[in-house]
Amino acid sequence: MAQDIVIVNTGCANISSVRFALQRLGATVTVSDQPARIQAADKVFLPGVGSANAAMASISAKGLNTCIQALTQPTLGICLGMQLMVSESMEGPGGHTTCLNLMPGVVERMQVGDLRLPHMGWNTVVPKEHETLFRGIDAGTYFYFVHSFCVTPYQHTLATCDYGMPFSAALRNDNFFGVQFHPERSGDAGAQLLENFMRL
Amino acid sequence: MLARRIIPCLDVRDGVVVKGVKFRNHEIVGDIVPLAERYAQEGADELVFYDITASSDQRTVDKSWVSRIAEVIDIPFCVAGGIKTVEDAGKILEMGADKISVNSPALLNPRLITELHDTFGQQCVVVGIDSFFDEKTGAYQVHQFTGDEARTQVTSWQTADWVQEVQQRGAGEIVLNCMNQDGVRSGYDIVQLQNIRKLCQVPLIASGGAGEMQHFADVFTQADVDGALAASVFHKAVIAIPELKHWLLGQGISIRQ
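Residues numbered from 1 in each chain as written. Chains lettered and ligands numbered in written order. Predicted model: local features only at pLDDT ≥ 70, side-chain atom pairs only at ≥ 80, totals over all residues. Heavy atoms only, no water.

**Observations concerning the overall build of chain B**
- For chain B, the helix and strand inventory stands at 10 helices and 12 strands.
- Taken over C-alpha atoms, the radius of gyration comes to 17 Å for chain B, in line with the 18 Å a tight globule of 257 residues would show.
- Taken along its principal axes, the extent of the C-alpha atoms in chain B is 45 × 45 × 35 Å.
- Counting over 257 residues, chain B shows a buried share of 62%.
- Nonlocal contacts in chain B, meaning residues at least 24 apart in sequence, comprise 65% of its contacts between residues at least 6 apart.
- Put simply, chain B shows about 10,000 Å² of open surface, and 47% of that area lies on carbon and sulfur atoms. (Helix = DSSP H or I, 4+ residues; strand = E, 2+ residues; numbered from the N terminus. Rg over C-alpha atoms; globule rule 2.2 N^0.38 Å. Buried < 20%, exposed > 50% of the residue type's maximum accessible area, 1.4 Å probe, protein only. Contact = heavy atoms within 4.5 Å. Areas by Shrake-Rupley, 256 points an atom, 1.4 Å probe, with all protein chains shown as cover.)

Here it is, written out as structure tokens:
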């Protein structure tokens, strides 16, 4: 099944590693910041590294807010890309950045006591049962995380992880999916998740 | 539970992987991509590539191998060596590296750490520190230009002070290379790592001294480091990664399998 896969060029991201991971699965991938091109895709990826305010500034400068908000095809936000999908982030100057509001939710700085931040490395993820995005992935499978902010578990949480506190490892609202970890850097488990997403 | 990381380090020189003893006498170990692929398949949690010539001989080094690695590797990797500017770092991250590590250039220009943090985010910014214990003075001192013995020099920084400075400037992770132990496989410098751990609120990676599986258990349980980096024991097949991880799990250490 030849799918049209577009990675949104957020201008600040780990785009190559996401593109390579999809190519390893046999997909043909386009990186674009053109609204018409993004809208025409079968599947859309929203990658991101860095800070929420810088990423939102880049998305706004490219005029992509309404384009992304209007997408109806399956769309996967990765790491910061997931955080941009909720309504607001406490990261940024003054502790506030308005995000894309593809689902309600707030991104907050992790409160982990004596543990180190960023939360960096491989940690175990527990998906909800019968969740398509995690088909074939057992509870307790390791994924690779790098972040200091998170969304606490709530009604849109698909999977959880724990690092000093429970937090959302994955989110969903209708066609919008987000993962806090990096599937493109999570070995076989990450490849399985990307393949599941491509099959939606 | 967050797993402790096992991190093979590949020293790269002119596009091939090399390894010396105490930073000298480099011998060729093999091609970069097949070695990287092998370690990923064997269960390495992350890879570090140090371009060891880059900082010391003032040239811009061909980094096209970074994207060749990114194409085939599905675990995170970090590139170190010769990253002197935000532009240098940006190119390497664009090629698909997950993190960049700065060492000598950060000592020459500490503002570089802040600039990297502000541009790419804290999670991308690793600071490598080459720390040498001077028996005469009893002090741990930071060295620079360690890729080239003729240019290696001691800096005015005591290791503990530099560790605090780089965190204030935005480092997201610290790799502490204990030079006295490098390549001699007699164990990590537990005492030094314990002391630095108390000062380090970001992930801390131990480097230098791994010789047997017990050394990994010791550094995780006694110095509470987030990851253990090693080179020669993996390159020379003294320790196999699957066996090491299985054994560490048996020791009750949180390890990804």
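Moving on from the coordinates now.
**A short note on the packing of aromatic side chains**
- Enumeration over the complete set of coordinates arrives at 15 aromatic pairs over all chains.
- Considering the side-chain rings of Phe-134 of chain A and Phe-181 of chain A, the 6.3 Å spacing of their centres and the 70° angle between planes classify their relative orientation as edge-to-face. With Phe-134 of chain A in the loop between β8 (119-127) and β9 (141-147) and Phe-181 of chain A in the loop between β13 (176-179) and α6 (187-198), this pair connects stretches of sequence that are 47 residues apart. In this structure, Phe-134 of chain A and Phe-181 of chain A share a single accessibility class: buried.
- For the pair Phe-216 of chain B and Phe-234 of chain B, a centre-to-centre distance of 5.9 Å together with 35° between the ring planes defines the contact as tilted. Pair noted here: Phe-216 of chain B is in helix α8 (residues 213-223) and Phe-234 of chain B is in helix α9 (residues 232-235), with a separation of 18 residues, a long-range link. (Phe/Tyr/Trp six-rings, centres within 6.5 Å; stacked < 30°, edge-to-face > 60°.)

**Regarding the pattern of salt bridges**
- Counted under the stated rule, the structure contains 17 salt bridges over all chains.
- Measuring nitrogen to oxygen at the nearest pair gives 2.9 Å for the salt bridge that ties Asp-224 of chain B to Arg-4 of chain B. Linking Asp-224 of chain B in the loop between α8 and β12 (227-230) with Arg-4 of chain B in the segment before β1 (5-13), this pair joins segments that are 220 residues apart in sequence.
- Glu-42 of chain B is the partner of Arg-38 of chain B in a salt bridge, and the nearest nitrogen-oxygen pair spans 3.3 Å. Linking Arg-38 of chain B with Glu-42 of chain B, this pair stays in helix α1 (residues 32-42), spanning 4 residues, or about one helical turn.
- Judged by its relative accessible area of 27%, Glu-42 of chain B falls in the partly exposed class.
- Several salt bridges converge on common partners, so that one network encompasses Arg-116 of chain A together with Arg-4, Arg-197, Asp-224 and Asp-226 of chain B. (Salt bridge = Lys/Arg side-chain N within 4 Å of Asp/Glu carboxyl O.)

**As for the sheet that holds strand β6 (residues 97-98) of chain A**
All names here are of chain A.
- Taking strand neighbours across the sheet as the criterion, the 4 strands line up as β6-β5-β7-β10 in an open arrangement whose pairing is mixed. The open sheet is flanked by β6 and β10 (149-150), the only strands paired with a single partner.
- Strand direction decides the pairing type here: strand β7 (residues 106-109) and β10, joined by 2 bridges, are antiparallel. Each residue of the ladder has a partner; that of Arg-109, found in β10, is Phe-149. (Pairing = 2+ DSSP bridges.)

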